[in-house]
Amino acid sequence: MVSKSPTNPLVIAAQALFYGLFAVIIAIFSTWPEYAHLEEDRSLIKLSFSYHGEPVGECRERSPEELAKLAPNMRVAKVCPRERSPIRVRIDLDGQPLFEGSAPPAGLSKDGASTLYRRFEVPAGEHLVSVKMNDNVRIADFNLVREEKVTLKPAQIMVIDVRKDQGGIFFE
Amino acid sequence: MDSIRQGGLALLQRIERFFDAFFGAAGNPWRHLGALGFHFLWIALATGIYLFIVLDTGIEDVHTSIEYYTHEQWWLGGILRSLHRYSADGLVLVMLLHLLREFLYGRFHSFRWYSWITGVPTIWLVYASGIGGYWLVWDQLGLFSAVASAEWFDWLPIFSTPATRNFLPGVLTDRFFSLLVFLHIGIPLTLMLALWVHIQRISQADVFPSRALALGTFVMLLVLAFVKPTVSHGKADLSVVPEVLHIDWYYLFIHPLMYLTSPAGLWLVAGGATLLLLALPLLPHRKQEPIAVVNPPNCNGCRRCFVDCPYGAIAMLPHPDKPGHELARVLPDLCASCGICAGACPSSTPFRSVEQLVTGIDMPQQPIGALRQDMERRIAALTGPVKIAVFGCECAAGAGAVEDQGTAVMNLMCTGLLPPSFVEYALRGGADGVLVTGCREGSCAYRFGTQWTEQRLAGKREPHLRPGVPAERLRIAWADRHEMSDLKAALDDFRENLKNLDADEKRLRPYTPRRTVKNG
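None of these values were measured; they are calculated from a predicted model. Sequence order as written defines residue numbering, which begins from 1 separately in each chain. Chain letters and ligand numbers both follow the written order, the letters beginning at A and the numbers at 1. Given that the model is predicted, a residue must reach a pLDDT of at least 70 before its local features are reported, and side-chain atom pairs must reach 80 or more before they are shown or counted; all residues, however, enter totals for whole chains, interfaces and linings.

Draft legend 1. Seen up close, the overall build of chain B. Helix and strand definitions here come from DSSP, where helices need a minimum of 4 consecutive H or I residues and strands a minimum of 2 consecutive E residues; each element is numbered from the N-terminal end. If you tally the helices and strands in chain B, you get 17 helices and eight strands. If one aligns the C-alpha atoms of chain B with their principal axes, the spans along those axes are about 90 × 50 × 45 Å. Expressed as a percentage of its 520 residues, the buried residues of chain B come to 42%. If you take every contact in chain B between residues at least 6 apart in sequence, the share linking residues at least 24 apart comes to 72%. Here the C-beta atoms are placed from the backbone, and a residue counts as buried if at least 20 other C-beta atoms lie within 10 Å of its own, exposed if 12 or fewer do, and partly exposed otherwise. Distance between backbone-placed C-beta atoms decides contact: two residues are in contact if it is within 7 Å.

Draft legend 2. Structural detail: the nonpolar core. In this usage, the nonpolar core is the set of buried Ala, Val, Leu, Ile, Met, Phe, Trp, Tyr and Cys residues whose C-beta atoms join them within 7 Å. Of all hydrophobic cores here, the largest spans 68 residues; its most connected members are Cys305, Ile340, Cys341, Ala389, Cys414, Ala426 and Val434 of chain B. Among residues more than four places away in sequence, those in contact with alanine 426 of chain B are Met375, Ile379, Ala389, Ala431 and Val434 of chain B.

Draft legend 3. Structural detail: helix H16 (residues 449-457) of chain B. All names here are of chain B. Every buried residue of H16 is accounted for by Gly449, Thr450, Trp452, Thr453, Arg456 and Leu457. Against helix H12 (304-308), helix H13 (340-344), helix H15 (421-428), strand S7 (433-438) and strand S8 (474-478) lie the buried residues of H16. Glycine 459 lies just past H16 and shows a positive phi near 80°.

Draft legend 4. Representation of the sheet that holds strand S6 (residues 407-412) of chain B within the structure. Residues and elements named next belong to chain B. Pairing between two strands requires that DSSP report at least two bridges joining them. With parallel pairing, the four strands of this open sheet are ordered in space as S6-S5-S7-S8. At either end of the open sheet lies a strand with only one pairing partner, and these are S6 and S8. The average undirected angle you get between the axes of adjacent strands in this sheet is 20°. Of the pairings in the sheet, the one linking strand S5 (residues 388-393) to S6 comprises six bridges and is parallel in character. Note that in S6 the partner of cysteine 393 across the bridge is leucine 412. Note on geometry: axes are C-alpha line fits, over the in-contact stretch for helices, and angles between N-to-C directions span 0 to 180 degrees. Most of the contacts of helix H17 (residues 484-500) go to S7, to which it runs at about 165°, and overall it touches S5, S7 and S8.

Draft legend 5. The interface of chain A and chain B, seen in detail. Of the residues lining the interface, 31 residues belong to chain A; the matching set on chain B comes to 36 residues. Residue assignment for the side of chain A that touches chain B shows that the elements contributing at least two residues are helix H1 (9-31), strand S1 (42-51), strand S6 (114-123) and strand S9 (157-163) of chain A. Considering each element in turn, the side of chain A that touches chain B owes the most residues, twelve residues, to H1 of chain A. Residues belonging to the side of chain A that touches chain B are distributed by class as follows: 19 nonpolar, nine polar and three charged. Amino acid classes used here: Ala, Val, Leu, Ile, Met, Phe, Trp, Tyr, Cys and Pro are nonpolar; Asp, Glu, Lys and Arg are charged; the rest, including Gly, are polar.

Draft legend 6. The arrangement of the domain arrangement of chain B in detail. Residues and elements named next belong to chain B. Taken domain by domain, chain B comprises domain 1 (2-282) and domain 2 (293-500). The gap between the C-alpha centroids of domain 1 and domain 2 is 42 Å. Across the side of domain 1 that touches domain 2, the residue classes break down as four nonpolar, three polar and four charged. These domain limits were set by an automatic method or by a database of domain assignments.

Draft legend 7. Quick peek at the environment of alanine 21 of chain B. With respect to the helices, strands and loops of the structure, alanine 21 of chain B is situated in helix H1 (residues 2-27). As for alanine 21 of chain B and valine 92 of chain B, which are separated by 71 residues in sequence, their C-alpha atoms are 26 Å apart.

Draft legend 8. The arrangement of the pairing of strand S7 (residues 125-134) of chain A in detail. Residue and element names in this part refer to chain A. Sheet topology places strand S4 (residues 87-93) next to S7; six bridges connect them, and they run antiparallel. Among the inter-strand pairings, isoleucine 91 is bridged to a residue of S7, identified as valine 131. Of the strand pairs in this sheet, S7 and strand S8 (residues 144-152) are connected by nine bridges, and their pairing is antiparallel. For methionine 133, the partnering residue across the bridge sits in S8 and is leucine 144.

Draft legend 9. Inspection of unusual backbone geometry at higher detail. For the bond running from tryptophan 32 of chain A to proline 33 of chain A, omega is 0°, close enough to zero to count as cis. Relative to the helices and strands, proline 33 of chain A is located in the loop between H1 and S1. With omega at -10°, the peptide bond leading from glutamate 462 of chain B into proline 463 of chain B counts as cis. Tracing the backbone through its elements, the reader meets proline 463 of chain B in the loop between H16 and S8. Even without being a glycine, alanine 155 of chain A presents a positive backbone phi close to 75°. Following the sequence through the fold, alanine 155 of chain A ends up in the loop between S8 and S9.

What follows is the structure, given as C-alpha cells:
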C-alpha cells in the first residue's frame, strides 16, 4: 500500500509522471499527425457564383382594361415576370467534361440569385478550361462562354466566378 | 450494451483505484473530470482576456500581431497563448472522458436525465468556441478550418449566398473578422451559461478541483507552454492550398473527416451522435425507486437533510402550525431516491424508545424503523465466535455475499442512508464489531453517500457518531462493485483483529431497549 502523503517521494514521482503523461497526450494530438489536404502536384478549381438569372418571360404592356382594374396607384403599364431563370453550367477541362449542373433561383417566388459552389482537384500544370453558362431559359444554347488556357501551380486555387460587372465569366 | 458498459466500468474503476493510490480521491483527476473541465475553461477564459486586449483584430494585422506576441513577447504573450491553446485542448480531452465516465456509470437516465441532456449542447458549444479560435489566428490553418467549416454549413439550405464565398479573394473584410471576434467571445459566454444550466439540478457541484489537482494541472500546462510553445502557420493566403497542416486533432478532426467522406456524411456522424446521446435517457432502464417522504410530527426543521441532499431535492418551508419553525419538503422531480436525507435526520436514531420508529424524512422502500427491526433480528441470530454487523450498499461490492453465521449484513440503498447511531446501537446490541462498506469516494452513485458517511463516522459532520464508540470495533472498507475480494479481505482482517481483543476490551455497555407504544 502506497502512503498517500504528499511528501512521499514515490507519490511525488508518480504524480509528476502522470502529469507528464497527461501533458504529452495533450501536446501530441495538438499538432500531430500532419495533414495534407491536397496531394502533391494537385491544384484546386473552385466554381463559385451567386448570380441572378434573366426573367423567365418577356416583359409586356398591360391593356387599358387591365390597367382600369388596378388601383390608381398600381397602374404601371409594363409588367415583367418575377421568376428568374436557373443557371446552367458546363465545365470542360482539356476537352473532357468536368462538371455539368444547374443552380435554381432562390426564394419562394424563384426570384432570388442562383448560387453554386463546387471544388475540383485537378493535376497541376497547363489546362484548357472551358466554362459555359446559360442564364436565360428563353435561349436554348449557352449564352455565357469563356475558354482559356491556364497554368496551375501545385496547391494553387483558381476560382471560376460570374458577375455582370466583370463582363460575365471570369477566372481568378 | 449493458454488459459492455459494465465491463468498461470495471476497467475504469480499476484505473480510478490505481490513481487513488497516488493522488488520493480528492486529487484523482479521473474522479473530478467535470471540475477539471471547468478549471481548463477558467484558464482559457483568463488567458483569452489578455489576448483579446493586446491583439490587433484587423484581417491584415492579426497574424502579424500574433507573431509579435508569440516570438517577441514570448515570455508573456507567447506563454499565455500557449496556455490558452493547451487548456482548450485539455478541456476537450476531459470533457470527452467525463462523458464516457458518466455513461459507464450509467448516469444518463431517471433523475439524471436533465444533467445528461443539458450536457449534450455544451459539447457543440465547446467545439464551436475552439474552432472559432483557430480562425482568429488567420494563418493557413485558420483559413483551412474556416473554409472547411463554411463548406460544411453550406450543405444545409440556410444561407442564401454560400458562406464559402466569404473566403474568395477580395471578398473578406475587417467587418467579417469583427464578427468572428464577436463569435469567439459570445460562444464561450453561451457555453458558460449552458454549463450553469447543466449543473442546476445538483447541489455543491464539483466545479473547482482540489487545490492540489488545480495546481498540478496548471503547472503541467505551464511546463508544456515552455517546452512546446504554440506557433502559427504562415499567413492565410486565399490563392493557395497549404501543403501540410499541423492540425489540432482535438478540435479540427472534423475537417479531414468531412473531406474523407462528404459534408452530408459529417452531418450524419455529428447529428447521429448528438441524437444518440439525446436518446440514451429514453432507453429501457430500471424504474426509479419511490422518493423520500417527510413525516411532519418527527421533523424538527433542523435542515440537515436540506444541507446533505446531493441534488437539492429538499426545500425548507415555514411550518404551518409552529411559527418560527421550518418543515422539510421533498421536491419530487429532483429526488434521486438515495436515502441520504434519512441518514442525516436526527430522528433516525434507533435509540428512540418508540415501538414503531418513524423518522422525520424516510424512504418508503427501506424505512429506518424496518432497518432497526431487521438489524436487531439479524444480530440476535448470530452464532459465530465473532459477531460482525455489516452495513453495505446496493451500488457497491455485494455485501450480501459475505453473510454467514457470524456476519449479519444490512444492505442499504446507499451507505449515506446509515444514521451513525446505528453503529453504536449494533455494538451495544450484541455485535462485536461493525463494518461499513460502500462505493469508493467519487464512485458513489448518489455523489456524496461515501463522503458524508465517512465524515459522520469521523465526527466531522452531523449527525455524528458519538466519540465513545471504540475505533477498534468499527471498520470502514470502501469497495466498488467489482472489488468483492477486497471487501472479503477487509472483513477477514477485521475479524482477526476483533479476535485479538479481549471479550470486554473496548466494548460498549450493552443496551436493552425499553419500548413505548406511543410515537413522537
